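If you want the building blocks of each chain, they are given just below.
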Amino acid sequence: MLSHRAGLGNTDKYLPFNLSILTRPNRVWAPQDLIEQARRVPPAGRPGEQTHYSSPGYFLLGLVIEAVTGQPYHQAVRREVFAPLGMGATFESTYEWRGEFETLHHYAGWIDLTDHNPSFEFADGGFITTAQDLARFGIAMGRGALFENPQTMQLLLSPPNGADPTRHYRALGPRVDFTETGTRLIFHNGSWDVRFNVSPDEDAVAVIALGQTGARTQMFWDAARALLIGLF
């Protein structure tokens, strides 16, 4: 599920689910409600056959974390990740966020979803943060400080079976790519086009937040990287 090779369908493109989010902005979605939506989406294939992005995989993984830790998902993430890294400006949007600061609005096309109940994301996202906190997370990732066991980081970035480890691939969550000079980049594009780039070899992090599902973050990233290279 972390590598999106479980064969699960994707609710992101499931029209009845999206329409329900848009037309019922105050609905509170329990994790089991999200799983029920996922059951209605045809599978992408047999497990291990192909890489196919699937938000329901994260729904299930969130429930696994809750079962293992005995805590709500957001509390487990705060205890294991945010608190140790000092990410004090990061909040789970359904249960923790109380409007501590003004946020960037996020749009699906022309529709502003900022005031919609964010529970439809669960473990697929749903955090409010700052560029500084996200960069802090990226620095820890690039320096191998996210996990107590270094082998965990190696496993996180390992390519799936059959993938070329020297070319772009999806690891256990993040994507891994390489520049024209062979520099490794770890990145992910969030649904609201928040792009997160980590270059462990250069000890560098770049965060781009556009707040629009249809934006082209690659263009912004290419321009930002050129500016960064020019500075150093």
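Keep in mind the model is a prediction, meaning the values are calculated, not measured.

(A) Main features of the overall build of the chain. When helices and strands are counted, the chain shows seven helices and nine strands. The C-alpha radius of gyration of the chain comes to 18 Å, within 12% of the 17 Å expected for a compact globule of 232 residues. Counted over contacts in the chain with a minimum sequence separation of 6, partners at least 24 positions apart contribute 55%. A total accessible area of about 13,300 Å² is found for the chain, and carbon and sulfur atoms account for 56% of it.

(B) A look at the pairing of strand S8 (residues 194-199). A large share of S8 lies buried, amounting to five of its six residues. Bridging between strand S7 (residues 184-189) and S8 involves four bridges; their strand directions are antiparallel. Looking across to S8, one finds that His-188 is bridged to Phe-196. The antiparallel pairing of S7 with S8 creates a hairpin that spans four residues between the two strands, and Asp-193 there sits at a positive phi of about 55°. Here six bridges tie S8 to strand S9 (residues 204-209), and the two strands are oriented antiparallel to one another. Residue pairing across strands places Val-198 opposite Val-205, the latter belonging to S9. Where S8 folds back onto S9 in an antiparallel hairpin, the turn is made up of four residues, including Asp-203, whose phi is positive at roughly 50°.

(C) Expanded view of the pairing of S7. As paired elements, strand S6 (residues 175-178) and S7 share four bridges and run antiparallel to each other. Pairing of Arg-175 across the sheet is with Phe-187, part of S7. Between S6 and S7, which pair antiparallel one after the other, the connecting turn spans five residues, and Gly-182 there sits at a positive phi close to 95°.

(D) Seen up close, the packing of helix H2 (residues 31-39) against helix H3 (residues 55-69). Here H2 crosses H3 at 145°, and the two axes come no closer than 10 Å. In this structure, the crossing between H2 and H3 has a hand that is left-handed. Residues Pro-31, Gln-32, Leu-34, Ile-35 and Ala-38 of H2 lie in contact with H3, whose contacting residues are Pro-56, Phe-59, Leu-60 and Leu-63. A breakdown of the residues in the contact of H2 with H3 according to their chemical character gives eight nonpolar, one polar and no charged.

(E) How the structure looks around the sheet that holds S8. Reading across the sheet, the five strands line up as S5-S6-S7-S8-S9 and stay open at both edges, with antiparallel pairing between neighbours. Each of the sheet's edge strands pairs with one partner strand only, and the pair in question is strand S5 (169-170) and S9. Here S5 pairs with S6 via two bridges, running antiparallel. Its bridge partner lying in S6, Arg-170 is registered against Arg-175. The strands touched by helix H5 (residues 131-142) are S7, S8 and S9; relative to S8, the strand with the most contacts, the crossing angle is about 35°.

(F) Focus on the confidence of the model for the chain. Of the residues in the chain, 95% have a pLDDT of 70 or more, and the chain-wide mean is 88. For the chain, per-element mean pLDDT is lowest for helix H7 (residues 217-231), which scores 67, and highest for H3, which scores 97.

(G) Examining the nonpolar core more closely. Counting 32 residues, the largest nonpolar core has Phe-17, Leu-34, Phe-120, Phe-137 and Met-141 as the members making the most contacts within it. Among all residues touching Phe-137, those that are not within four sequence positions of it are Val-81, Leu-85, Met-87, Leu-146 and Phe-196.

(H) Focus on the packing of aromatic side chains. By the definition in use, this model includes seven aromatic pairs. Geometrically, the ring pair formed by Phe-17 and Trp-29 is edge-to-face, given 5.1 Å between the ring centres and 90° between the ring planes. Of this pair, Phe-17 sits in helix H1 (residues 15-23) while Trp-29 sits in the loop between H1 and H2, and the two are 12 residues apart along the sequence. Here Phe-17 matches Trp-29 in class, with each residue buried. Seen from their ring centres, Phe-82 and Phe-127 are 5.2 Å apart, and the 85° between their planes marks the pair as edge-to-face.

(I) Spotlight on helix H4 (residues 73-85). With 13 residues, H4 extends 18 Å from end C-alpha to end C-alpha; this agrees with the ideal 18 Å at 1.5 Å per step. Along H4, the sharpest kink reaches roughly 40°, centred on Arg-79. Turning to H4, its buried residues are Tyr-73, His-74, Ala-76, Val-77, Phe-82 and Leu-85. Directly after H4, the chain includes Gly-86, whose backbone phi takes a positive value near 70°.

Conventions and cut-offs
- Residues numbered from 1 in each chain as written.
- Predicted model: local features only at pLDDT ≥ 70, side-chain atom pairs only at ≥ 80, totals over all residues.
- Heavy atoms only, no water.
- Helix = DSSP H or I, 4+ residues; strand = E, 2+ residues; numbered from the N terminus.
- Rg over C-alpha atoms; globule rule 2.2 N^0.38 Å.
- Contact = heavy atoms within 4.5 Å.
- Areas by Shrake-Rupley, 256 points an atom, 1.4 Å probe, with all protein chains shown as cover.
- Buried < 20%, exposed > 50% of the residue type's maximum accessible area, 1.4 Å probe, protein only.
- Pairing = 2+ DSSP bridges.
- Axes fitted to C-alpha atoms, helices over the stretch in contact; angles between N-to-C directions.
- Left-handed = near helix turned anticlockwise from the far one by under 90°.
- Nonpolar A, V, L, I, M, F, W, Y, C, P; charged D, E, K, R; others polar.
- pLDDT = per-residue confidence, 0-100.
- Core = buried A, V, L, I, M, F, W, Y, C linked by side-chain atoms within 4.5 Å.
- Phe/Tyr/Trp six-rings, centres within 6.5 Å; stacked < 30°, edge-to-face > 60°.
- Expected span 1.5 Å × (residues − 1).
- Bend = angle between axes of the 7 residues up to and from the residue.

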